[in-house]
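A look at the structure
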Amino acid sequence: MNTPIFEFLAARRSVKPDRLAAPGPTPEQLRQILTVGARVPDHKKLAPWRFIVFEGDARKSVGEVFAKACQAEESQPPSHVRLDMERERFLRAPLVVAVVSSLKPRPGAPEWEQILSAAAVCYNTCLAANALGFGTTWLTEWIAYSKTVREALGLKESERIAGFLYIGQPMEKPEERERPVIENLITEWTA
Ligand SMILES: Cc1cc2nc3c(=O)[nH]c(=O)nc-3n(C[C@H](O)[C@H](O)[C@H](O)COP(=O)(O)O)c2cc1C
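Residues numbered from 1 in each chain as written. Predicted model: local features only at pLDDT ≥ 70, side-chain atom pairs only at ≥ 80, totals over all residues. Heavy atoms only, no water.

An unreviewed UniProt entry lists the chain under the name Putative NAD(P)H nitroreductase, from Hyphomicrobium denitrificans.

Next comes the structure, spelled out in C-alpha cells:
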C-alpha cells in the first residue's frame, strides 16, 4: 500500500476562497497542475473539457462582468454592497481556473460520461494543486449558470461550467467536517 497517498486522500479538505492567500502557482506550477488535472479517464479520448485561467487583473475585469450580470438578471435592483461583492468575487484567491465541460457528440461516448469526465478534471486539478501544497475549493455559485456570464466567457451551447477552482496558499488548516456514514451508502448485491 502507498501510505502517503492514502493519508493525503484521507485528510483532503477544501479551503474557502477567502482563506487562500498569494502567491498562487508559478506559470510552471500552473502548467503542471493543469497537465495532471487533465489526466483523467475519458471515454473515446475526446478531451471534452477545457480550462479558462483567471489571474492578476483578469480577476478584477471579470468581476465587472459578474456585476453587470447581477444587474441584468436579478429581479430586484442589487445593492451597492452586493455589486461590490460581485466585483471582488474572483479576488478572493490569487488564481481561479474555470473547468468547462465541452461536449463532443460521438457515438459510444454518451453526454453523461463526458460530463462525468469534466467533474473528474475538477477534482483531479484540485488534488494536483493540493499535492504541490496549495489549498483549493471547487465552487459553481450563481455565476456558473448565468447567461450573461456564459456569453462573456465565450461558452458555446454545448458547453457548461463544471466548476470554478480557487487556488492559493492555505491560510489555515480547515477543521474536519461531518462525513456520511459509509456503511449507510453501501449495499451488497446478493441475488
Ligand atoms: C459541482 C460542485 C459545485 C459546488 N459548488 C459550491 C458552491 O457554489 N458553494 C459552496 O459553498 N460549495 C460548493 N461546493 C462544495 C465545495 O466544493 C466543497 O467541496 C465543500 O463545501 C467542502 O467539502 P470538502 O472539504 O470535502 O471538499 C460544490 C461542490 C461541487 C462538487
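Section: the pattern of salt bridges
Rules: Any carboxyl oxygen of Asp or Glu within 4 Å of a side-chain nitrogen of Lys or Arg constitutes a salt bridge here. In this text, helices come from DSSP runs of H or I with a minimum length of four residues, and strands from runs of E with a minimum of two, each type numbered from the N-terminal end. Partly exposed residues are those whose accessible area sits between 20% and 50% of the maximum for their type, while under 20% is buried and over 50% is exposed, using a 1.4 Å probe and protein chains only.
For the structure shown, the criterion picks out eleven salt bridges. Its salt-bridge partner being arginine 92, residue glutamate 141 comes within 2.9 Å of it at the nearest N-O pair. Remark: arginine 92 occurs in the loop between helix 4 (80-87) and strand 3 (95-102) and glutamate 141 occurs in the loop between strand 4 (135-139) and helix 6 (147-152); sequence separation between them is 49 residues. Owing to a relative accessible area of 28%, glutamate 141 belongs among the partly exposed residues under this scheme.

Topic: the site of the ligand
Our working rule: Residues are classed as near a molecule or strand on a simple rule: at least one heavy atom within 4 Å of it. We call two N or O atoms a polar contact when they sit within 3.5 Å, provided that within protein one can donate a hydrogen and the other can accept it, with sequence-adjacent residues counted only if both atoms are side-chain atoms. Where accessible areas are quoted, they stem from the Shrake-Rupley method and a 1.4 Å probe; at the residue level, only the protein chains shown are allowed to cover. For this scheme, ten residues count as nonpolar: Ala, Val, Leu, Ile, Met, Phe, Trp, Tyr, Cys and Pro. Four count as charged, namely Asp, Glu, Lys and Arg, and the remainder, Gly too, count as polar.
Neighbouring the ligand are the residues Arg12, Arg13, Ser14, Trp138, Leu139, Thr140, Glu141, Arg177 and Arg179. Arginine 13 places a side-chain nitrogen or oxygen 2.8 Å from an oxygen atom of the ligand. If the ligand stood free it would expose 620 Å²; the protein chains cover 58% of that surface. Taken together, the residues of the shell around the ligand break down into two nonpolar, two polar and five charged.

Here we look at the UniProt feature "domain: Nitroreductase" (unreviewed entry) in the chain
For the record, the criterion: UniProt positions are given in the numbering used here, feature names are shortened, and annotations may be inferred rather than shown by experiment.
Following the UniProt record, the feature "domain: Nitroreductase" (unreviewed entry) maps to residues 10-168 here. Segment residues 10-168 splits into 40% helix and 20% strand. End C-alpha atoms: 21 Å apart.

Things to note about the UniProt feature "binding site: FMN" (unreviewed entry) in the chain
The line we're drawing: Grid spacing is 1 Å over the protein atoms alone, the probe is 1.4 Å, and a cavity is where that probe fits but cannot get out, while a pocket is an open set with protein on both sides within 12 Å along at least five of seven lines and lining residues have an atom within 4 Å of a point.
In the UniProt entry, the feature "binding site: FMN" (unreviewed entry) is given for Arg12, Arg13, Ser14, Arg39, His43, Trp138, Leu139 and Thr140. Taken together, the annotated residues stretch across 129 residues and extend over separate regions, lying up to 28.2 Å apart by C-alpha. Of the residues named above, Arg12 and Arg13 line the largest pocket. Counting through the fold element by element, arginine 13 comes out in the loop between helix 1 (3-11) and strand 1 (20-21).

Some remarks on the packing of helix 2 (residues 27-37) against helix 5 (residues 111-131)
Put simply, the rule reads: Between the N-to-C directions of two axes lies an angle of 0 to 180 degrees, each axis being a line fitted to C-alpha atoms and, for a helix, fitted only over the stretch in contact. Here the word oblique covers every angle except those under 35 degrees (roughly parallel), over 145 (roughly antiparallel) and from 65 to 115 (roughly perpendicular). In this scheme the handedness of a crossing depends on how the near helix is turned from the far one: anticlockwise by less than a right angle means left-handed, clockwise means right-handed. What makes two residues a contact is simply this: any of their non-hydrogen atoms within 4.5 Å.
Across the interface, helix 2 lies against helix 5 with an axial gap of 8 Å and an inter-helix angle of 140 degrees. Relative to helix 5, the element helix 2 lies oblique. In terms of crossing hand, the pair formed by helix 2 and helix 5 is right-handed. Two secondary-structure elements touch here, helix 2 through Ile33, Leu34, Val36 and Gly37 and helix 5 through Val121, Asn124, Thr125, Ala128 and Ala129. Partitioned by chemical class, the residues of the contact of helix 2 with helix 5 number six nonpolar, three polar and no charged.

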